[in-house]
Amino acid sequence: MAPQTFPPEVEEAKSLICDLCLNLYNQGAVSGTGGGISIKPHPDFIVMAPSGVQKERMQPDDMFVLDAKGEVVHTPAAKPPPARPPKLSECSPLFMSAYELRNAGAVIHSHSMWCVLATLLEPDASEFKITHVEMIKGLEGHGFYDTLTVPIIENTARECELTDRLRQAIADYPRTNAVLVRRHGVYVWGKDWIHAKTQAECYDYLFQAAVEMRRLGLDHARAPAPAALPAPNGAANGHSHAAGGEPAAKRPRISGVAPGAQLPTAIVLDIEGTVAPISYVAETMFGFAKSHTRTHLEASYASEETQADIAAIREQAAQDGAVVPEAGAGKAAVIEGVCAWVMAAIAADRKVGALKQLQGHVWRAGFESGALRAELFRDVPDALTEWRRAGLKTYIYSSGSREAQRLFFGHTQVGDLRPYLSGFFDTTSGAKGDKASYADIAASIGADHPSQLLFATDVLAEAQAAVAAGWRAVLVSRPGNKPLPEGHGFRVITAMTDLLL
């Protein structure tokens, strides 16, 4: 019988697995015959390393080939003793889980010491977390400011018995390309072998970083704490430097700001056109809300939250002179009425609470699934970091609901920036063009005097209202913003890093 032939990509994958396993062996990730790799180089075939063999000595003819459903279509020939008879890896059903649930192109199983120790940092935890480490940026869909979360499942006596737990973890953590197994190792996947290898190396680096940080008494799961503020009037621990005590702690410098400059005690930022492009909010976010409102209502119609959203829209529609059918008209009629009102409100760019509330819930699903990722101007994360390090508090005031704001800053292209923000205000504090709104916010922040607050916005009427309430204000000019009117009298900046200059 003629030997079975496979596409060239399959033969290439056999050699590639040998090279990759040697590399992993040299890193200590597949010693003692443990661990392994599989690659799906072709839509119809998967190449898989065998079980119980010296991973650093494997040859291309040692590989199993499976079809897309996980059935073996080629078993390697047995080799003379002391070689063991060929045996398909017990990882096979776990590898298949990543292929089936994530459309992976390659899966790596590592027994690295770092991933094992990472599962023991919190012996009862079901998740591993780390944040503010540069290598997080190497992981798909994550940024430096993100808190990386990797699920941890408990080990079993046999690897194949882990399948159900692994599949559940993959389903429960759609943003993560890895699952840790306590006291055992990790499974990592990617869209191809290059991506899987990169992801595996980044994860292993982060596991090692967490272990070493814990050894130094550092909390790898928490964002760095803001700098301590100097004691009032230059006093430190109740004693002034002039009286012979230690000198007071100095407030960290802000780049470009002259020493002794009068800084605000708090900064308040608008979102659209100030920290994020108008096009992202108008096109991406509102576009997502428009295209997903109906499916969201249909899927969650019976929930208390959605019924409350519908009731708020029905009340607002009545004030507008429109009609949203009562519940007795049936689910289809109610949803049709709500969608019609929502589409009209979005088209008119209305800032009413009923619309913002529903949009926030639609966006929540998008952000949590990874379908939405907030886009900020590149200068914003650096500015927030610097302000917080200098002890300044930063707040957001936007027409979007507070929940939507938290979602937005919790899922940015650089990660979760909420630790850099002290609070969120929306139109429940009042309209953004109303002087009283800023007075209310100043009272909520607890400012001794409104002049201690600095507001940044791209809308002249909002800046004027803030100043009328005693605040300081600047206007922001960004690509895509409407031109500012002549003679407005405000300072104009083009980047948040210039705000305090």
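Figured I'd write up the structure that's included with this text. (Residues numbered from 1 in each chain as written. Predicted model: local features only at pLDDT ≥ 70, side-chain atom pairs only at ≥ 80, totals over all residues. Heavy atoms only, no water.)

## Describing the packing of helix H8 (residues 331-347) against helix H9 (residues 353-369)
Okay, so step 1: Two elements in contact, H8 and H9, have axes whose closest approach is 11 Å; the angle formed by their N-to-C orientations is 105°. One element, H8, and the other, H9, form an angle in the roughly perpendicular class. Where H8 approaches H9, its residues Val 338, Trp 341, Val 342, Ala 345 and Ile 346 are matched on the opposing element by Ala 354, Leu 355, Leu 358 and Gln 359.
Okay, so step 2: Residues of the contact of H8 with H9, tallied by class, amount to eight nonpolar, one polar and no charged. (Axes fitted to C-alpha atoms, helices over the stretch in contact; angles between N-to-C directions. Helix = DSSP H or I, 4+ residues; strand = E, 2+ residues; numbered from the N terminus. Parallel < 35°, antiparallel > 145°, perpendicular 65-115°, else oblique. Contact = heavy atoms within 4.5 Å. Nonpolar A, V, L, I, M, F, W, Y, C, P; charged D, E, K, R; others polar.)

## Looking at the side chain of Ser 38
Okay, so step 1: Along the polypeptide, Ser 38 turns up in strand S1 (residues 36-42).
Okay, so step 2: Setting aside anything within four residues of it in sequence, one finds Ser 38 in contact with Ile 17, Ile 46, Val 47, Met 48, Phe 95, Tyr 99, Ala 106 and Val 107.

## Points about empty space enclosed by the protein
Okay, so step 1: One pass over the structure, following the stated rule, counts one cavity of 30 Å³ or more.
Okay, so step 2: Considered as a void within the structure, the largest cavity measures approximately 50 Å³ in volume.
Okay, so step 3: Considering the residues around the largest cavity, the lining is formed by Leu 20, Asn 23, Leu 24, Gln 27, Ile 37, Ile 108, Lys 197, Ala 200 and Glu 201.
Okay, so step 4: Looking at the lining of the largest cavity, the elements with two or more residues in it are helix H1 (8-26) and helix H5 (193-215).
Okay, so step 5: Residue composition of the lining of the largest cavity, grouped by class: five nonpolar, two polar and two charged. (1 Å grid on protein atoms, 1.4 Å probe; cavity = no way out; pocket = protein on both sides within 12 Å on 5 of 7 lines; lining within 4 Å. Points joined across faces, edges and corners; volume = space filled by probe spheres on them.)

## What about the layout of surface pockets?
Over the atoms, a rolled probe matching the size of one water molecule traces out where space is still vacant.
Okay, so step 1: Estimated volume of the largest pocket: approximately 650 Å³.
Okay, so step 2: Looking at the lining of the largest pocket, the elements with two or more residues in it are helix H6 (278-300), H9, helix H11 (402-410) and helix H13 (460-468).
Okay, so step 3: The element that contributes the greatest number of residues to the lining of the largest pocket is H6, accounting for four residues.
Okay, so step 4: Here the lining of the largest pocket is built from residues that sort into 15 nonpolar, six polar and nine charged.

## Brief notes about the side chain of Lys 55
Okay, so step 1: Structurally, Lys 55 is set in the loop between strand S2 (45-48) and strand S3 (64-67).
Okay, so step 2: Salt bridges are absent for the buried Lys 55, whose nearest opposite-charge side chain, Glu 56, sits at 8.1 Å.
Okay, so step 3: Of note is the side chain of Lys 55, whose polar atom sits 2.6 Å from the backbone oxygen of Thr 33. (Buried < 20%, exposed > 50% of the residue type's maximum accessible area, 1.4 Å probe, protein only. Lys, Arg positive; Asp, Glu negative; His and termini not counted. Salt bridge = Lys/Arg side-chain N within 4 Å of Asp/Glu carboxyl O. Polar contact = N/O pair within 3.5 Å; in protein donor to acceptor, adjacent residues only side chain to side chain.)

## So, the packing of aromatic side chains
Okay, so step 1: Under the defined criterion, the tally for this structure stands at 16 aromatic pairs.
Okay, so step 2: Each ring, one from Tyr 145 and one from Tyr 420, has its centre 5.4 Å from the other, and the planes form 90°; the classification is edge-to-face. Residue Tyr 145 is found in the loop between strand S6 (127-131) and strand S7 (147-153), and its partner Tyr 420 is found in the loop between H11 and strand S14 (423-425); the two are separated by 275 residues along the sequence.
Okay, so step 3: By relative accessible area, Tyr 145 is classed as buried at 8%.
Okay, so step 4: With 6.4 Å between their ring centres and 40° between their planes, Phe 409 and Phe 424 make a pair best called tilted. (Phe/Tyr/Trp six-rings, centres within 6.5 Å; stacked < 30°, edge-to-face > 60°.)

## Focus: the state of the cysteines
Okay, so step 1: A full pass over the atoms with the stated rule returns zero disulfides.
Okay, so step 2: No disulfide involves Cys 18; its nearest neighbouring cysteine sulfur is the one of Cys 21, lying 7.3 Å away.
Okay, so step 3: Free cysteine Cys 202: the closest other cysteine sulfur is in Cys 115, separated by 15 Å.
Okay, so step 4: On the accessibility criterion, Cys 202 (6% relative accessible area) is buried. (Disulfide = S-S within 2.5 Å.)

## A closer look at the pairing of S1
Okay, so step 1: With five of its seven residues buried, S1 lies for the most part within the structure.
Okay, so step 2: Where S1 and strand S5 (residues 106-110) come together, four bridges link them in antiparallel fashion. Its bridge partner being in S5, Ile 39 is matched across the sheet by Ala 106.
Okay, so step 3: Joining the antiparallel neighbours S1 and S2 is a turn of two residues. (Pairing = 2+ DSSP bridges.)

## Digging into the sheet that holds strand S8 (residues 178-181)
Okay, so step 1: Pairing within the open sheet is mixed, and its nine strands lie in the order S4-S3-S2-S1-S5-S9-S8-S7-S6. If you trace the sheet from one side to the other, it starts and ends with strand S4 (72-74) and S6, each paired once. Averaged over all pairs of adjacent strands, the angle between strand axes in this sheet comes to 25°, irrespective of strand direction.
Okay, so step 2: In this structure, S7 lies alongside S8, joined through two bridges in parallel fashion. In the sheet register, Ile 153 faces S8, and the bridge partner there is Val 181.
Okay, so step 3: Most of the contacts of helix H2 (residues 92-102) go to S1, to which it runs at about 40°, and overall it touches S1, S2, S3, S5 and strand S9 (185-190).

## Observations regarding the pairing of S5
Okay, so step 1: Taking burial as the measure, the five residues of S5 include five buried ones, the bulk of the element.
Okay, so step 2: Side chains Ala 106, Ile 108 and Ser 110 of S5 all project onto a buried face; the interleaved residues Val 107 and His 109 project onto the opposite face, where all are buried too.
Okay, so step 3: Taken together, the five bridges between S5 and S9 define a ladder with antiparallel strand orientation. Paired with Ile 108 across the two strands is Val 188, which belongs to S9.

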